[in-house]
Amino acid sequence: MAVYSVSQLTGYLSDLLQRDSLLQDVWVRGEVANLARPGSGNCYYTLRDSNASLRCVMFGRGSRGAELLTDGAAVIAHGRIAMYEVRGDLQLIANIVQ
């Protein structure tokens, strides 16, 4: 029986996500919730629909459409799916919001 540390497992999952070409170039539709805009210039939010939610981050540099992000807005976001290993969270790293 193999036993893995949390870091080993989340690292492995992160590697799997990075190798999946579909998940590295994906569009996701949803409603913006829990929007936070700290002083760093990044945007942190959740995209949700009636059945699920997905954490998202949009880094200030090189991103388009961040001004469209408001709680309750219906948007389409483009980016890549990644693992935030510190929390073990799946997230969309968005670079475009429409």
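Residues numbered from 1 in each chain as written. Predicted model: local features only at pLDDT ≥ 70, side-chain atom pairs only at ≥ 80, totals over all residues. Heavy atoms only, no water.

Peer 1: Tell me about the sheet that holds strand S5 (residues 89-97), residues and numbers included.
Peer 2: Read around the closed barrel, the 5 strands follow the order S1-S2-S3-S5-S4; overall the barrel is mixed. For this sheet, the mean angle separating the axes of adjacent strands, direction not counted, is 55°. Along the sheet face, helix H1 (residues 6-19) touches strand S4 (74-84) and S5 and points at about 130° away from the line of S4. (Pairing = 2+ DSSP bridges. Helix = DSSP H or I, 4+ residues; strand = E, 2+ residues; numbered from the N terminus. Axes fitted to C-alpha atoms, helices over the stretch in contact; angles between N-to-C directions. Contact = heavy atoms within 4.5 Å.)

Peer 1: Give a detailed account of the nonpolar core, specifying residues and quantitative values.
Peer 2: Tyr45, Leu47 and Leu92 are the most contacted members of the largest nonpolar core, which totals 19 residues. For this core, the elements supplying multiple residues, two or more each, are strand S1 (26-36), strand S2 (43-48), strand S3 (53-58), S4 and S5. For this core, the element with the highest residue contribution is S4, accounting for 4 residues. Setting aside anything within four residues of it in sequence, one finds leucine 47 in contact with Val28, Gly30, Glu31, Val32, Ala52, Ser53, Leu54, Cys56, Val75, Ala77 and Leu92. (Core = buried A, V, L, I, M, F, W, Y, C linked by side-chain atoms within 4.5 Å. Buried < 20%, exposed > 50% of the residue type's maximum accessible area, 1.4 Å probe, protein only.)

Peer 1: Residue-level account of unusual backbone geometry, with values.
Peer 2: Even without being a glycine, asparagine 34 presents a positive backbone phi close to 55°. Note that asparagine 34 resides in strand S1.

Peer 1: Which residues make up the pairing of S3, and what values go with them?
Peer 2: Bridge count for S2 against S3 is 6 bridges, and the pairing is antiparallel. Across the sheet, residue threonine 46 finds its bridge partner in S3, namely arginine 55. The antiparallel pairing of S2 with S3 creates a hairpin that spans 4 residues between the two strands. Both S3 and S5 contribute to a ladder of 4 bridges, which runs parallel. In the strand pairing of S5, cysteine 56 is matched with leucine 92.

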